[in-house]
Amino acid sequence: MLQVEKKNDIELQLTEIFEKDCVSDVPVVLSYKQESLERMAKFITGEINRSMAIGIAGESASGKSTIAREFIETIENFALDNDLGQVITRVNTDDYYYDRSEQVKKAGSMAEFVKTYDLDVPEALELDLMFSHVQKLLSGNSVMLPKYDMSGTTIRWDNHTLAKPSKIIISEGLFALTEKIRGAFDFKIYVDIDSDIQKQRFFARAEERKLGDSAKSMYENVSNKAKIYIKPCREVADIVLSGAAPISSYRSFLKKILSVVADLYLK
């Protein structure tokens, strides 16, 4: 009974944090499912006694990478301050793109290759392998992760990086919540963004990468594929976050959740 009361109390605290943020002037949380907070409370209290997996998805330039980075740094700093050791392991979705380096060579360049090969679909990634890696980590086993070269060679090095199991496994990427992989995650987070802001960010990034005239056609393809593969993921998400909030807001929001953990275990 005591465990149930503890779980219920944690869920109430989490609900208050989420509700207050939802009605704030610049919210981080746009929506959430209550059952996800109940599940979170079970992990925090130890009723679910294993690692948790978090998947973060959203359109290109939605802010998902920034949010994932802030979450990872905030959790790592919390662990460091409290001498908790390694508590978070990242599995990068982009590293599961198939190696197409030979095809790029035959095409003569990445620009020519992408004229006949679409990188903006889930089938361009080996998501079955990613699923198995996340599951192994959740089972307490170390995994050798792949590493993908994003510079334009499409080379993927398999068995490249040792990933050790930890309390939290986190993955971020365009297709992190698509059908093949979403079942690996205990918490599915979708990052939503106003289309005008997303478009501005995309073209600013394209300019930084010197994509020139190809940026427009790339944006059209990305947008069209997002309507098919990415935007529907919002409906299956446990939590929908704003991609337009200040960076400091994500950090502040997560610290409130971590304070619940600290109050339970560290005081």
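Data block above holds the structure.
The following refers to the structure shown. Note that the structure is predicted; figures quoted are calculated from it, not measured.

**Topic: empty space enclosed by the protein**
Consideration 1: Per the counting criterion, the structure on display carries one cavity of 30 Å³ or more.
Consideration 2: In this structure, the largest cavity occupies an estimated 40 Å³ of space.
Consideration 3: Surrounding the largest cavity, Asp-120, Leu-174, Phe-175, Val-222, Lys-225, Ala-226 and Ile-230 form its lining.

**Section: the pattern of salt bridges**
Consideration 1: Counted under the stated rule, the structure contains 15 salt bridges.
Consideration 2: Residue Glu-172 is joined to Arg-90 by a salt bridge in which the shortest nitrogen-to-oxygen separation is 3.2 Å. One end of the pair, Glu-172, is in strand β6 (residues 168-172); the other, Arg-90, is in strand β3 (residues 88-90), and 82 residues separate them in sequence.
Consideration 3: With relative accessibility at 5%, the residue Glu-172 sits in the buried group.

**So, the layout of surface pockets**
Consideration 1: The volume enclosed by the second largest pocket comes to roughly 820 Å³.
Consideration 2: Surrounding the second largest pocket, 29 residues form its lining, Ile-44, Met-52, Ile-168, Leu-258 and Val-261 being those nearest its centre.
Consideration 3: Elements that contribute at least two residues to the lining of the second largest pocket include exactly α2 (34-45), β2 (52-58), α3 (64-81), β7 (187-192), β8 (239-242) and α9 (247-265).
Consideration 4: Broken down by element, the lining of the second largest pocket gets its largest block of residues, six residues, from α9.
Consideration 5: Its residues assigned to classes, the lining of the second largest pocket shows 24 nonpolar, three polar and two charged.

**Considerations on the side chain of Thr-74**
Consideration 1: Relative to the assigned elements, Thr-74 resides in helix α3.
Consideration 2: Classification of Thr-74 by relative accessible area gives buried; the value is 6%.
Consideration 3: At 2.7 Å, the side chain of Thr-74 forms a polar contact with the backbone oxygen of Glu-70.
Consideration 4: Among residues more than four places away in sequence, those in contact with Thr-74 are Arg-251, Leu-254, Lys-255 and Leu-258.

**Some words on the sheet that holds β3**
Consideration 1: Ordered in space as β1-β8-β7-β2-β6-β3, the six strands form an open sheet in which the pairing is mixed. Each edge of the sheet is formed by a strand with only one pairing partner; in this case those strands are β1 (29-32) and β3. Averaged over all neighbouring strand pairs, the angle between strand axes comes to 20°, with direction disregarded.

**Digging into helix α7 (residues 195-208)**
Consideration 1: Between the first and last C-alpha of α7 there are 20 Å, a value that for 14 residues agrees with the 20 Å anticipated at 1.5 Å per step.
Consideration 2: Those residues of α7 not exposed but buried are Gln-198, Phe-202 and Ala-206. Along the axis of α7, the buried residues cluster in a sector spanning 70°; they form a single face. Relative to its buried face, α7 has exposed residues pointing more than 90 degrees away, namely Asp-196, Gln-200, Glu-207 and Glu-208.

**Looking at the nonpolar core**
Consideration 1: Among the nonpolar cores identified, the biggest contains 39 residues, and Leu-14, Phe-18, Met-40, Ile-54, Leu-241 and Ile-257 are the most heavily contacted of them.
Consideration 2: For Phe-18, the contacting residues outside a window of four places in its chain are Val-29, Tyr-32, Leu-37, Met-40, Ile-239, Phe-253 and Ile-257.
Consideration 3: Leu-127, Met-130, Leu-145 and Ile-169 belong to the second-largest nonpolar core, a separate cluster that totals 35 residues.

So, how was this worked out
Residues numbered from 1 in each chain as written. Predicted model: local features only at pLDDT ≥ 70, side-chain atom pairs only at ≥ 80, totals over all residues. Heavy atoms only, no water. 1 Å grid on protein atoms, 1.4 Å probe; cavity = no way out; pocket = protein on both sides within 12 Å on 5 of 7 lines; lining within 4 Å. Points joined across faces, edges and corners; volume = space filled by probe spheres on them. Salt bridge = Lys/Arg side-chain N within 4 Å of Asp/Glu carboxyl O. Helix = DSSP H or I, 4+ residues; strand = E, 2+ residues; numbered from the N terminus. Buried < 20%, exposed > 50% of the residue type's maximum accessible area, 1.4 Å probe, protein only. Nonpolar A, V, L, I, M, F, W, Y, C, P; charged D, E, K, R; others polar. Polar contact = N/O pair within 3.5 Å; in protein donor to acceptor, adjacent residues only side chain to side chain. Contact = heavy atoms within 4.5 Å. Pairing = 2+ DSSP bridges. Axes fitted to C-alpha atoms, helices over the stretch in contact; angles between N-to-C directions. Expected span 1.5 Å × (residues − 1). Arc of directions from axis to C-beta. Core = buried A, V, L, I, M, F, W, Y, C linked by side-chain atoms within 4.5 Å.

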